[in-house]
Amino acid sequence: MTTKIIGTGRCLPENIVTNDDLSKIMDTSDEWIASRTGIRKRHIAKEETTATMSAEAAKKALQQAGLSPEEIDLIIVGTITSDYVTPSTACEVQRMIGAKNAVAFDVNAACSGFMFALNTAHVYLQSGIYKNALIIGAETLSKIMDWSDRSTSVLFGDGAGAAVVTKGETGLLSFTQGSDGAKGMVLACKNRSNNNPLINTSKELEYTYMDGQEVYKFAVSKVPESIKKVLAEANLEPDDIAYFILHQANIRIIQSVAKRLKVSEEKFPISLDHCGNISAGSVPILLDEVNEKGMLKKGDKIVMAGFGAGLTWSACVMEW
Ligand code: UT7
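Cut-offs used in this document
- Residues numbered from 1 in each chain as written.
- Predicted model: local features only at pLDDT ≥ 70, side-chain atom pairs only at ≥ 80, totals over all residues.
- Heavy atoms only, no water.
- Near = heavy atom within 4 Å.
- Polar contact = N/O pair within 3.5 Å; in protein donor to acceptor, adjacent residues only side chain to side chain.
- Areas by Shrake-Rupley, 256 points an atom, 1.4 Å probe, with all protein chains shown as cover.
- Helix = DSSP H or I, 4+ residues; strand = E, 2+ residues; numbered from the N terminus.
- Domains from an automatic or database assignment.
- Phe/Tyr/Trp six-rings, centres within 6.5 Å; stacked < 30°, edge-to-face > 60°.
- Buried < 20%, exposed > 50% of the residue type's maximum accessible area, 1.4 Å probe, protein only.
- Contact = heavy atoms within 4.5 Å.
- Buried area = accessible area lost by both parts, 1.4 Å probe.
- Salt bridge = Lys/Arg side-chain N within 4 Å of Asp/Glu carboxyl O.
- Pairing = 2+ DSSP bridges.
- Axes fitted to C-alpha atoms, helices over the stretch in contact; angles between N-to-C directions.
- Core = buried A, V, L, I, M, F, W, Y, C linked by side-chain atoms within 4.5 Å.

Participant: Describe the site of the ligand, and please don't skip the residues or the numbers.
Facilitator: Around the ligand there are 23 residues in total, and Thr28, Arg36, Gln213, Asn250 and Asn277 lie nearest to it. Within the side chain of tryptophan 32, an N or O atom sits 3.1 Å from an oxygen atom of the ligand. Computed on the free molecule, the ligand has an accessible area of 960 Å², of which 73% lies beneath the protein chains in the complex. No other element matches the four residues that helix α7 (residues 212-233) contributes to the shell around the ligand. Formed jointly, the shell around the ligand draws a minimum of three residues from each of two domains, domain 1 (2-168) and domain 2 (174-319).

Here's what the structure looks like:
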């Protein structure tokens, strides 16, 4: 027995911001953003929050799975932009959807957050502790961006994706996950400033910092390496895979992974053109788009992979 996905859902904010919109508020252009990243627009939250988008995505995933909120035992949300330090987004989702029998908690693994949530749920399900889990990747990254920094603020967007998982004869065939805290400062966001009057503190809030080229180098080596690892564990070749659902950071990273795996780029669905990089939200949002289009047939094998701040990374092979 393993863990299978039986429902997916997503929620994106209504407000859409194009590259041309950004060029009106900072020194950038559609040409620069599109040619360097593949991104053309992104959804930026106005009314929506990390928890409300998560709950909407969760309701859709539950409906597709044919399960009621009361049947969910476990809710894990991958996020770095919870609305509150506490309660967790997962507890907020539990309240909003009425999943009163679930235990709920968040995982902080940035762009690998949904993958870490999936792997964690898998271990709980396989041990027999829980039966049905709701896993979510959700972010409101717009609130942790320095909007005066064109090198980061143009890259990210907001949104949430969810999946319902349960035990099944087939599903997750192999997974890997890893972290390298020693390189953590190449992509970082400092927490809120300390206003303790007993010590000298800075009142300045800090926003997301990224050494783009270091993260790029990490991604183009670690992602193919971890995909090769999960393929070998599942005794599969890249050609056996129907689709590679990768974290959506940069089209050039995805093209490089396709090249290193010697697989056609057509097998790499894309959402970054209309969503930007949604960190933990990228993989489940893209999975739901692919699922909604009817691109996944029973028995298809897909690879999912996340990578980003921490540094963290994760990949898996899933039989649909
Ligand atoms: O989800 C987490 C994972 N994150 C990633 O995977 C991100 C990985 N890194 C990347 O995708 C790329 O490194 C970036 C897209 C972030 C940057 O692309 P790049 O080709 O590495 O550009 P760069 O940082 O070397 O900047 C090139 C030039 C600089 O100008 P000068 O110094 O050559 O005059 C920047 O100031 O582009 C300039 N620039 C911009 N120009 C217009 C930086 N941002 C912008 C902008 N618009 N938004």
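Participant: Describe the packing of aromatic side chains, and please don't skip the residues or the numbers.
Facilitator: Under the defined criterion, the tally for this structure stands at four aromatic pairs. Relative to tyrosine 130, the ring of tyrosine 124 has its centre 5.2 Å away and its plane inclined at 50 degrees; by these criteria the two rings are tilted. Given a relative accessible area of 27%, tyrosine 124 falls into the partly exposed group. Among the residues examined, tyrosine 130 registers a relative accessible area of 23% and is labelled partly exposed. A connected cluster of aromatic rings, assembled from ring pairs, spans Phe105, Tyr124 and Tyr130.

Participant: Any chance you could break down the domain arrangement of the protein for me, citing the residues and the numbers?
Facilitator: Per the domain assignment, the segments of the protein are domain 1 (2-168) and domain 2 (174-319). Computed over C-alpha atoms only, the centres of domain 1 and domain 2 are separated by 14 Å. Contact with domain 1, which involves 49 residues of that partner, is made by 44 residues of domain 2. Counting the surface lost from both domain 1 and domain 2, the interface buries some 3500 Å², and carbon and sulfur atoms represent 63% of this. Counting the surface domain 1 buries against domain 2, the share from its top three residues, Arg10, Cys111 and Met115, is 19%. Put simply, domain 1 and domain 2 have two salt bridges between them. Residue arginine 10 pairs with glutamate 292 through a salt bridge whose shortest N-O separation is 3.1 Å. Taken together, the links from domain 1 to domain 2 amount to 23 residue pairs in polar contact (both at pLDDT 80 or more).

Participant: Describe the pattern of salt bridges, naming the residues involved and giving the relevant values.
Facilitator: Scanning all chains against the criterion turns up ten salt bridges. For the salt bridge of arginine 40 with aspartate 30, the shortest nitrogen-to-oxygen distance reads 2.9 Å. Note that arginine 40 is positioned in the loop between α2 (30-37) and β3 (41-43) and aspartate 30 in helix α2, a separation of ten residues in sequence. Assessed through its relative accessible area of 45%, arginine 40 is described here as partly exposed. The partner of glutamate 92 in a salt bridge is arginine 95, and the shortest N-O contact between them spans 3.1 Å. Taken together, the residues span about one helical turn, with glutamate 92 and arginine 95 both in helix α4 (residues 89-97) at a distance of three residues. Looking at glutamate 92, the relative accessible area reads 10%, which means it is buried. Salt bridges here are not isolated pairs; linked through shared partners, they connect Arg10, Asp288 and Glu292.

Participant: Describe the sheet that holds strand β1 (residues 2-11), listing the residues and the values that go with them.
Facilitator: The sheet built from five strands is open, its strands ordered β1-β7-β6-β4-β5 with mixed pairing. In this open sheet, the two edge strands, each paired with only one partner strand, are β1 and β5 (103-107). Going from strand to strand, the sheet's axes swing by 20 degrees on average, the running direction of each strand aside. Taken strand by strand, helix α3 (residues 50-65) contacts β1, β4 (74-78), β6 (132-140) and β7 (158-168), and its axis lies near 125 degrees from that of β1. The strands touched by helix α10 (residues 282-292) are β1, β6 and β7; relative to β1, the strand with the most contacts, the crossing angle is about 90 degrees.

Participant: Could you give an account of helix α8 (residues 251-261), with specific residues and numbers?
Facilitator: Along α8, the residues classified as buried are Ile253, Ile254, Ser256, Val257, Ala258 and Leu261. Contact partners of the buried residues in α8: α7, β11 (243-246), α9 (272-275) and β12 (301-308). Measuring from the side-chain oxygen of the N-cap residue of α8 to the backbone nitrogen of arginine 252 gives 2.7 Å; that N-cap residue is asparagine 250. Downstream of α8 by a residue or two, lysine 262 has a phi angle that is positive, lying close to 60 degrees.

Participant: Tell me about the nonpolar core, and please be specific about residues and values.
Facilitator: The biggest cluster of nonpolar side chains holds 46 residues, and the ones touching the most others in it are Ile227, Phe244, Leu246, Val257, Phe268, Phe307 and Val317. Of all the elements in the fold, those that place two or more residues in this core are α7, β11, α8, β12 and β13 (312-319). Residue contributions to this core reach at least three from each of two domains, namely domain 1 (2-168) and domain 2 (174-319). Excluding its chain neighbours within four sequence positions, the residues that come into contact with phenylalanine 307 are Cys111, Ser112, Phe218, Ala219, Val223, His247, Ala249, Ile253, Thr312 and Trp313. Counting residues in hydrophobic clusters, the runner-up holds 29 residues, among them Ala109, Met115, Ala163 and Leu296.

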